[in-house]
Amino acid sequence: MKTRIKEIYKTMEYGPAPEDASEAIQFLKKYNNKFNLFINGKWVTPSSGEYYDSINPSTKEKLAQISEANEADVDKAVAAAKKALPKWVSIGAHQRARYLYALARQIQKHSRLFSVLESLDNGKPIRETRDIDIPIVVRHFYHHAGWAQLRDTELKDYKELGVIGQIIPWNFPLMMLSWKIAPAIAMGNTIVLKPAEATSLTALLFAEICQQIGLPNGVVNIITGHGSTGAAIVNHKDVSKIAFTGSTEVGKIIRRATAGTGKKLSLELGGKSPFIVFEDADLDSVVEGIVDAIWFNQGQVCCAGSRLLVQESIAEKLYKKIRARMENLRIGNALDKSIDIGAIVDDTQLKTIKEMVQLGVDEGSTLNQPSWACPTEGYYYPPTLFTDVSPSATIAQEEIFGPVLVAMSFRTHKEAVKLANNTRYGLACSIWTENINLALDIAPQIKAGVAWINCTNVFDAAAGFGGYRESGFGREGGKEGLMEYLKPRINNEFTDEPLPISINNLDTPNENGLPSLGIDRTTKMYIGGKQARPDGGYSTVINSVKGVYIGEVSKGNRKDIRNAVEAAHANNKWLDMTGHSRAQVLYYLAENLMIRREEFASRIVQMTNQNKSDALQEVDLSIERIYTYAALADKYDGHVHHTIHRNVTLAMPENLGVMGIICPDESPLLGFISTVIPAITMGNSVIVIPSEKLPFSATDFYQVLETSDVPAGTVNIVTGGKDELAQVLAKHDNVDAIWYFGNKEGCREIEFLSADNMKRTWVNYGKYRNWLDKAQGEGQEFLKHASQIKNIWIPYGA
Ligand code: NDP
C-alpha cells in the first residue's frame, strides 16, 4: 500500500489551479479597457489621440489600450508636478508621512488585485507577484512613510530636488514603481513616471489608489508611452533628476542626453551576475538557489545569477542535479498557482532569447533543456543551461534577460574572483560555501553592488540596491537610496564667479617676508611614485596672476595619462591598508606639510600675489583638512541594515578604484588638498590634473608625498592642458570615476564622455565653492562621492 501511494505521487499529473481574475477584469472594464494619462490627479486623453495594445503574454490576448503620451503630454505632466511642488514641500514631513502610510495601507488592502493584474500583464507567476513583488511594494511604502516622518530631523542638511522624471522597465512593474516613487515623494519631491509600454496596468491602478487616498493633485503623474515618451521626460528642462531602470544601452543614451544640464541621475542597468559555488557548498540548497537566481521571473531580472561559476571538483555533480531540477520545473499560464515559470514578457524579448541561445550553440557551448515542450498559446521559453562555455563567449558576456544559465568552472579561489569580475557589469553576485571566512573574503573582492551569501535575489526597502561599473550608479532602498532624491543645502551657497582674492602690490614672496623661491627649473610629472619626464617632451610657461614669469611645467599628453592610469592600477598596497593605517599616512603628510609651511605659502604668494597672511592661512587650512580626513579614515564606515529577512545585511562603503581628479583653479594648494585627500582616504588611487594656471603647489607636493610613506601609484600628477587631459581621462576605460572642477562646458564634456564605461562623475557645473569655508570645502559629502556602497547579505538560522 505504502509503495502504491508513493507511485501515485510520482505519476500523478498536476491539475490546473487557476487564480480567479474576475476582479482584475472588472477593473479593466471600469475603464472600458482603455486608459488615459494620469496628470494632475485626473485622467487626461493623450494629445496624440493614439493608443496601443497591452497584451497578456500567457495567452497573447489583448488586455487593454494604453495612451501614447507625446511631448505636449509630458509638458503638461511636468507642469502639474512643478505646480504641486511648493505645497507638497510646505505641508511638512509628518503630513507626507501620512500620505505614504495611506498608500501602503491601500495597496496592502488591494494586494490580490495588484498581484493578479501584474501577472496578467507581465506573465510572471502569481506565486511570485502574490508572495514577492506586491509584499515588497507594500513594505517599500511603509518603510518610506518612516523616512518621510524623519526627513526633517535625520536629513536636515539636505533639500528636495524638485520635479523628478522616473522611467521604469517591464520586469518588475509595480515593484520598480515603488522603488522610485516612495523615496522621491517621501523626501518632498513631485514626480512624473513612465512605466514600460508592455506593462503599464499596475501603474495605472496605482494612479487610482493615489486618487482614493486623496494624494494632492500633481504630486504623482503617470504617463504611458514608448521610448520617445521617456526621452521627452529626460530632455525636459524643468525636470531636476532622472531615475532610470532598464538596459545599459538606454542608460548611456540618458547619461549623454543629460550631460552638463545639472540633472541628477541614478541608473540601475543591466547585469551578468556571477553565481559562485565552492566545493564545500550544500549542493541541494545551491540547486534551489539557482532556481531563484535564473528562473525566478523567467530570468528577466537585472541581477539574475546568470553566470554559474562552479569549482571544478563538483561541477559535473552539480550540472546533473540542475538538469534533474529543470526536468521537474513546470511552465504555464501566469495565473496558475502551481507553476514555477510563467511567460516571457512579449514576442520581442522571446525572439532575443531565442537568438542568443542559437548564438550560444553556434559558438560551441553545450545546450541543456528539459525533455518537455512549452505551451504554445503564449510566449514561453524553457529553462536552459549551457555548459562548456568559454569565458569570452557572447552568452557569457552579454545579458540575455531570459531563463538561460551559462556555466563555467574554476579551480582556485583567485580564479573564481577573476572570472566573476570578467564582465563590464557589476550589479550583484551570489556566493555559495559553508565556510563563512571564505564567503566574507570573496564578497569584497567582487566588483558588484550587492553580494548575497548562500542566498540570492533577496531585496528589502531597508537595504540599498544598485550597481558598479556598467550596471549603473546610485542606490535604491535604505538611507543611501534617499540621497538620490536630495541635495546638500550648502549647494545653494556656491557662486557663479570665484571669490575675489586680495592681491598685494609686491612682486615676490621675500618682499612679503617669506623665503624667495627664485625661478624654478621645469617641474616633471609624478607617476608611480617617481618624477617622470613628459612623453611629448614639451613644457608650458607659467606666469603669476600679475603676468610675471615663474617657471615651467611639463606638458602631459595622452600617453602620460595612460602611464598614470597603469601606475594607479598597479598599486594594491594603498587599497589593502586599513583605515587606521591610511590615517597614519595622512597624519604624516600633514606633519611634513607643516614643516614646509613657509615654503608652500611662498609659492602661493608667488603664483597669486596674495598677502602673506592669506597664503599662510591657506597652508594651515590644508594641514587642518588633511587632519579631518585622517580623522574620518577609520570612522566613515557602514551600517548593518534592519532588513525583514533573517539576515545580517552589511552596507559597506568601498572605494571606486582609479579616479581622475581635475582640480579647481582657485586656492591652488587647498583646492588640490580638498579634492585629492578625500579621494585617497577612501582607498582610491588617483590621477590628478592640478590647476592649469597655478600648478606649482601640486608639483611641490611631490616631495611631501615622497617623504610620507604614501605607496607609489596612490597619487599620480600629470600637469598640462586641463580640459585636454580631462577628456583623455573621461574616455579611458580603466578609470572608474572622475571629479571635475572647472567651467560649464568642461563639465558637460566630462559627463558625456564618461558614458562609455559609465564612470561615476562629480562635477561643479561651473559653480564655485569657497574652499576656505569648511562647510563647503570638506566633509562626508566628499567621501560619499569617493565611495560606493556594497550590501552584503548574510542569512542566519540553524
Ligand atoms: P529599455 O532600457 O529600452 O527600457 C526601459 C525603459 O526605458 C522603458 O520604459 C522604455 O520605454 C524606456 N526607454 C526606451 N528608450 C528610451 C529613451 N531613449 N529615453 C528614455 N527612456 C527610454 O529596455 P527594454 O524594455 O527595451 O529591454 C531591452 C533589454 O534591456 C532587455 O533585453 C534587457 O537585457 C535589458 N533590461 C534590463 C532591465 C534591468 O532591470 N536592468 C530591465 C529591462 C530590460 P518602452 O519600453 O516603454 O518603450
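The structure we're discussing is the one just above.
What you see is a predicted model, and the numbers here were worked out from it, not measured in a lab.

Looking at the overall build of the chain
Summing up its helical and strand segments, the chain has 28 helices and 32 strands in all. Expected size for 798 residues packed as a compact globule is a radius of gyration near 28 Å; at 28 Å, the chain falls within 12% of this value. For the chain, the spread of C-alpha atoms along the principal axes amounts to about 105 × 60 × 45 Å. With 798 residues in all, the chain has 60% of them scored as buried. Intrachain contacts of the chain at a sequence separation of at least 6 include 76% that bridge at least 24 residues. Across the chain, the centroid of the 86 positively charged side chains sits 3 Å from that of the 92 negatively charged ones.

Topic: the pattern of salt bridges
Applying the stated criterion to the full structure yields 38 salt bridges. Arg424 is the salt-bridge partner of Glu398, the closest N and O atoms lying 3.2 Å from each other. In this pair, Glu398 is assigned in the loop between α14 (394-397) and β16 (404-410) and Arg424 in the loop between α15 (413-420) and β17 (428-432), connecting sequence segments 26 residues apart. Among the residues examined, Arg424 registers a relative accessible area of 33% and is labelled partly exposed. A salt bridge links Glu598 to Arg597; its shortest N-O distance comes to 4.0 Å. The network of salt bridges with common partners includes Lys252, Glu398, Arg424 and Glu470.

As for the pairing of strand β26 (residues 647-655)
Strand direction decides the pairing type here: strand β25 (residues 639-641) and β26, joined by 3 bridges, are antiparallel. Bridged to Val640 within β26 is Leu650. Taking the residues between adjacent antiparallel strands as the criterion, β25 and β26 are bridged by 5 residues.

Regarding the state of the cysteines
Enumeration over the complete set of coordinates arrives at 0 disulfides. For the unlinked cysteine Cys747, the closest cysteine sulfur is that of Cys663, found at 14 Å.

Examining a negative patch on the surface
The grouping of Glu279, Asp280, Asp282 and Glu434 at the surface amounts to a negative patch. Mapped onto the elements of the fold, Asp280 is located in the loop between β12 (274-277) and α11 (283-295).

As for the nonpolar core
Phe206, Ile222, Val277 and Leu308 are the most contacted members of the largest nonpolar core, which totals 119 residues. Membership of the second largest hydrophobic core comes to 53 residues, among which are Leu589, Ala615, Ala630 and Trp739.

Structural notes on the environment of Ala590
Its place among the elements puts Ala590 in helix α20 (residues 579-595). Separated by 33 residues in the primary sequence, Ala590 and Ile623 place their C-alpha atoms 5.1 Å from one another.

Digging into helix α26 (residues 744-753)
For α26, the set of buried residues is Gly746, Cys747, Glu749, Ile750, Glu751 and Leu753. Packed against the buried residues of α26 are α10 (248-258), α25 (722-731), β30 (737-740) and β31 (760-763).

Points about the sheet that holds β16
The strand order across the open sheet built from 10 strands is β14-β15-β16-β13-β12-β17-β18-β32-β26-β25, with neighbouring strands paired in mixed fashion. A strand with exactly one partner marks an edge of an open sheet, and here the two such strands are β14 (366-368) and β25. Ignoring strand direction, the axes of neighbouring strands in this sheet form an average angle of 25°. In terms of strand pairing, β14 meets strand β15 (residues 384-387) through 3 bridges, oriented antiparallel. Following the sheet pairing, Thr366 is matched in β15 by Thr387. α11 contacts β12, β13 (307-311), β15, β16 and β17 of the sheet and is inclined by roughly 175° relative to β12.

Rules of the game
- Residues numbered from 1 in each chain as written.
- Predicted model: local features only at pLDDT ≥ 70, side-chain atom pairs only at ≥ 80, totals over all residues.
- Heavy atoms only, no water.
- Helix = DSSP H or I, 4+ residues; strand = E, 2+ residues; numbered from the N terminus.
- Rg over C-alpha atoms; globule rule 2.2 N^0.38 Å.
- Buried < 20%, exposed > 50% of the residue type's maximum accessible area, 1.4 Å probe, protein only.
- Contact = heavy atoms within 4.5 Å.
- Lys, Arg positive; Asp, Glu negative; His and termini not counted.
- Charge placed at Lys NZ, Arg CZ, Asp CG, Glu CD.
- Salt bridge = Lys/Arg side-chain N within 4 Å of Asp/Glu carboxyl O.
- Pairing = 2+ DSSP bridges.
- Disulfide = S-S within 2.5 Å.
- Patch = residues over 30% accessible without salt bridge, like charges linked within 9 Å, V, L, I, M, F, W, Y side chains within 5 Å.
- Areas by Shrake-Rupley, 256 points an atom, 1.4 Å probe, with all protein chains shown as cover.
- Core = buried A, V, L, I, M, F, W, Y, C linked by side-chain atoms within 4.5 Å.
- Axes fitted to C-alpha atoms, helices over the stretch in contact; angles between N-to-C directions.

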